[in-house]
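So you can see what is in the structure, the chains are spelled out below.
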Amino acid sequence: MTFENSLNYANQLDSNDILRHFRNEFYIPEVNGKTSIYLTGNSLGCMPKAAETAIQIEFNDWKNLGVEGHFKGTNPWMYYHHFLTDNAAKIIGAKPIETVVMNQLSSNLHFLFVSFYRPTAKRHKIIMEVGAFPSDMYLVESQVKYHGFNLADSIIEVKPRKGEHTISHQDIIDTIEEHQNELALVYFSGVQYYTGQVFNIKEITEKAHACGVIAGFDLAHAVGNIELKLNEWHVDFAAWCSYKYLNSGPGSVGGIYVNEKYANDDTLPRFAGWWGHDEDSRFKMLKGFIPSKGAQGWQVSNAAVLSMCVHKASLEIFAKAGIENITAKGKQLNAYLQYVIEEALNANPKLNLQIITPDYPERGCQISMLTDENGKALFDYLTDHGVIADWRNPNVIRVAPVALYSSFADVFEFGHILKNY
Ligand SMILES: *Cc1c(COP(=O)(O)O)cnc(C)c1O
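Residues numbered from 1 in each chain as written. Predicted model: local features only at pLDDT ≥ 70, side-chain atom pairs only at ≥ 80, totals over all residues. Heavy atoms only, no water.

### A word on the packing of helix α8 (residues 169–178) against helix α9 (residues 201–210)
Okay, step 1: Taken N-terminus to C-terminus, the directions of α8 and α9 make an angle of 15 degrees; their axes are 9 Å apart at the nearest point. Put simply, α8 runs roughly parallel to α9. Relative to α9, α8 is oriented so that their crossing is right-handed. Contacts between α8 and α9 involve H169, I172, I173, I176 and E177 on the former and, on the latter, E203, I204, K207 and A208.
Okay, step 2: Broken down by class, the residue content of the contact of α8 with α9 amounts to five nonpolar, one polar and three charged. (Axes fitted to C-alpha atoms, helices over the stretch in contact; angles between N-to-C directions. Helix = DSSP H or I, 4+ residues; strand = E, 2+ residues; numbered from the N terminus. Parallel < 35°, antiparallel > 145°, perpendicular 65-115°, else oblique. Left-handed = near helix turned anticlockwise from the far one by under 90°. Contact = heavy atoms within 4.5 Å. Nonpolar A, V, L, I, M, F, W, Y, C, P; charged D, E, K, R; others polar.)

### With respect to the pattern of salt bridges
Okay, step 1: Applying the stated criterion to the full structure yields 15 salt bridges.
Okay, step 2: A salt bridge links K202 to E206; the shortest N-O distance between them is 3.4 Å. A residue pair is termed a helical-turn pair when its members lie 3 or 4 positions apart in one helix, as K202 and E206 do in helix α9 at four residues.
Okay, step 3: On the basis of relative accessibility, which here comes to 35%, the residue K202 falls in the partly exposed class.
Okay, step 4: For E206, a relative accessible area of 45% puts it in the partly exposed group.
Okay, step 5: Note that D359 and R363 form a salt bridge whose closest N and O atoms lie 3.9 Å from each other.
Okay, step 6: With relative accessibility at 52%, the residue D359 sits in the exposed group.
Okay, step 7: Take R363: its relative accessible area is 8%, and that puts it in the buried class. (Salt bridge = Lys/Arg side-chain N within 4 Å of Asp/Glu carboxyl O. Buried < 20%, exposed > 50% of the residue type's maximum accessible area, 1.4 Å probe, protein only.)

### Side note on the site of the ligand
Okay, step 1: As a structural note, the neighbourhood of the ligand is formed by L105, S106, F133, D136, D218, A220, H221, Y243 and K244.
Okay, step 2: Taking H221, its side chain carries an N or O atom lying 3.0 Å from an oxygen atom of the ligand.
Okay, step 3: In the complex, 84% of the free accessible area of the ligand, which totals 390 Å², lies under the protein chains.
Okay, step 4: Class assignment for the residues of the shell around the ligand results in four nonpolar, two polar and three charged. (Near = heavy atom within 4 Å. Polar contact = N/O pair within 3.5 Å; in protein donor to acceptor, adjacent residues only side chain to side chain. Areas by Shrake-Rupley, 256 points an atom, 1.4 Å probe, with all protein chains shown as cover.)

Structure representation (structure tokens):
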């Protein structure tokens with residue numbers, strides 16, 4: 001693709017963008033009385049205007065119906081998770097039986113590990129990326145210890161090669177091969193939060209399966225960002241949060257995927273609760289847990305309606321826009337972002353930045369820039385000029401435009417501000 005570094009050109013890209021009107025469905029924060037250049041949709045997505053209506057409906061039903069809202073509400077609370085399943089399944093490329101919205105991300109991963117990390121004396125190791133998101137490190141550590149194993153023996157982290165910032169796909173495949181007889185689980189993120197590297201979920205899963213190992217993924221930065229085909233790729237399990245690219249509000253509800261081959265498997269161990277019980281007999285209040293078929297059987301508690309209503313409204317926007325259109329625009333936005341950053345680097349020798357996010361297809365809609373020891377000053381300059389970006393210790397600035405509400409003009413403006421540093 002050849003781009004031009006001008007506002008005219010960016011405006012032209014915007015007028016050709018079939019998703020451009022979705023920007024009006026969001027509130028974009030202001031800085032100094034001006035709409036910001038919001039590049040942290042990978043951290044907390046902007047608020048959909050529909051969130052207000054959605055929450056008002058539930059408040060009204062609660063106010064006017066009390067407990068009766070479970071059956072007589074506009075969206076009867078009793079069945080609430082069902083209202084989100086189909087739209088959630090679409091964005092991860094899964095079947096509804098494989099998908100449920102529930103709890104939050106880290107808690108969900110623990111529940112999934114209970115079922116899918118089943119270490120034995122011979123096969124107890126987990127392969128994961130080095131420098132995973134802290135919650136993932138802690139959850140893996142605690143699971144390994146919980147099963148009575150030792151961290152140094154049981155956790156294998158795949159690292160970048162010397163002098164590189166991201167992990168070679170071949171090294172992941174080779175590490176699985178090397179440890180194949182001792183592995184209990186292959187566990188990666190879909191998009192690495194720090195570097196923005198997209199892991200090849202399909203091939204990692206294939207390799208794990210070829211070695212008789214389960215493959216699970218944390219899709220926090222992948223969902224709503226990159227194309228996912230969890231069913232087609234035969235991924236065993238996955239979980240994600242909804243407040244990043246899915247714009248469903250701070251700390252909002254998460255979701256899980258469990259491959260259909262486990263849908264009727266009542267023998268898998270799991271930590272159960274009443275909401276995972278077979279729906280027809282849930283209210284018989286009897287002893288003896290009978291799991292619902294599919295991912296729903298991993299539910300524990302009843303629906304957190306006040307956060308799920310926002311997620312529901314947001315998923316409806318995704319359904320309207322079409323996930324293929326969103327990922328296609330994300331790719332183009334990100335390519336333009338790369339271009340304007342390179343233009344700024346060429347024009348301004350004061351900028352000491354290195355893009356560490358690998359090229360497409362190993363990237364989604366995020367670019368991580370490694371800075372020098374003065375990086376924080378550059379970051380503060382960007383903030384002062386109306387750019388909401390993200391600083392990650394020790395020295396990375398992450399910028400992530402979002403297909404549903406970022407414009408090419410935003411990206412152009414960002415490049416312009418960067419160039420003038
Ligand atoms: C954002 C993020 C989390 C956050 O977990 P919560 O349980 O939602 O607080 C976990 N893992 C990864 C990879 C993330 O990017």
